[in-house]
Amino acid sequence: MLEREVSAIAAQEPRLNEQINVRECRLIGFDGTQMGIYVTSEAQRIADNEGLDLVEIAPNADPPVCRIMDYGKFKYDQAIKAKQARKNQSKIETKEMKFRPKIDVGDYTTKKKHVLRFLDGGNKVKITIMFRGREMAHPEQGLTILERLADDLKDVAVIETQPKMEGRNMHMLIAPLPAATLAKKKKENEKKEEGKDEGNA
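Residues numbered from 1 in each chain as written. Predicted model: local features only at pLDDT ≥ 70, side-chain atom pairs only at ≥ 80, totals over all residues. Heavy atoms only, no water.

Chemist: Before we go on, may I ask you to explain the pairing of strand E7 (residues 157–166) in this structure?
Modeler: Remark: a regular strand shows side chains that alternate across the two faces of the sheet. By the bridge criterion, seven bridges tie E7 to strand E8 (residues 169–176) in an arrangement that is antiparallel. Among the inter-strand pairings, Val158 is bridged to a residue of E8, identified as Ala175. In sequence, E7 turns back onto E8 through a hairpin of two residues, with Gly167 there showing a positive phi of about 65°. (Pairing = 2+ DSSP bridges. Helix = DSSP H or I, 4+ residues; strand = E, 2+ residues; numbered from the N terminus.)

Spelled out as structure tokens, the structure:
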């Protein structure tokens, strides 16, 4: 209960020290001990004597609950925690890889490696086929490349947006498979390899 009250401080700025204008409050000490109901001015005096702040953490309680704490340090700790939480959130970006309809095998292989690297990093990849001039008359060439790429990457990626033409370009969006699905596919592939080895033995 107390943790919920204190965490609420982060959501909205509470009243502290002389901003608290209620007559009395339920006081919680710096170490979390319940000190009972005090006249607010007396609670403020106790906080001042300890060189700390009186913070109203539950204004709607009857009487309101106030806690003695180092509010500046509390705010600093909250900011650090929030920063850490943002850092820990996996940031999914959408990368882009461009292909030409008449791409040669070497170039295709190189670009496919880049796409794999993006997927390994947890990013989505927008595959763009760029058509120029007369190439616009043969969109099926671009579609063939996209289908080939999707097939080559089927063990690690899923098509999120099917191929579609936009102006002179054809796009397809692929995303990395969820970790659980990847692990399952990896196990299946390992079993297939083991079966091959046994057959060759």
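Following the structure, the description resumes.
Chemist: Would you mind showing me how to read helix H4 (residues 105–120) here?
Modeler: Given 3.6 residues per turn, any residue in an α-helix points the same way as the ones three and four places further on. With 16 residues, H4 extends 22 Å between its outermost C-alpha atoms, agreeing within 8% with the 22 Å of an ideal straight helix rising 1.5 Å per residue. Burial in H4 covers these residues: Tyr108, Lys111, Val115, Phe118 and Leu119. Buried residues in H4, looked at end-on, bunch into an arc of 95°, giving them a common side. Opposite the buried face of H4, at more than 90 degrees from it, the exposed residues are Lys113, Arg117 and Asp120. Of the surrounding elements, those touching the buried residues of H4 are strand E5 (94–99), strand E6 (124–130), helix H5 (139–152), E7 and E8. Its side-chain oxygen at 3.1 Å from the backbone nitrogen of Gly106, Asp104 defines the N-terminal cap of H4. Following H4 by one or two positions, Gly122 adopts a phi angle in the positive range, close to 85°. (Expected span 1.5 Å × (residues − 1). Buried < 20%, exposed > 50% of the residue type's maximum accessible area, 1.4 Å probe, protein only. Arc of directions from axis to C-beta. Contact = heavy atoms within 4.5 Å. Polar contact = N/O pair within 3.5 Å; in protein donor to acceptor, adjacent residues only side chain to side chain.)

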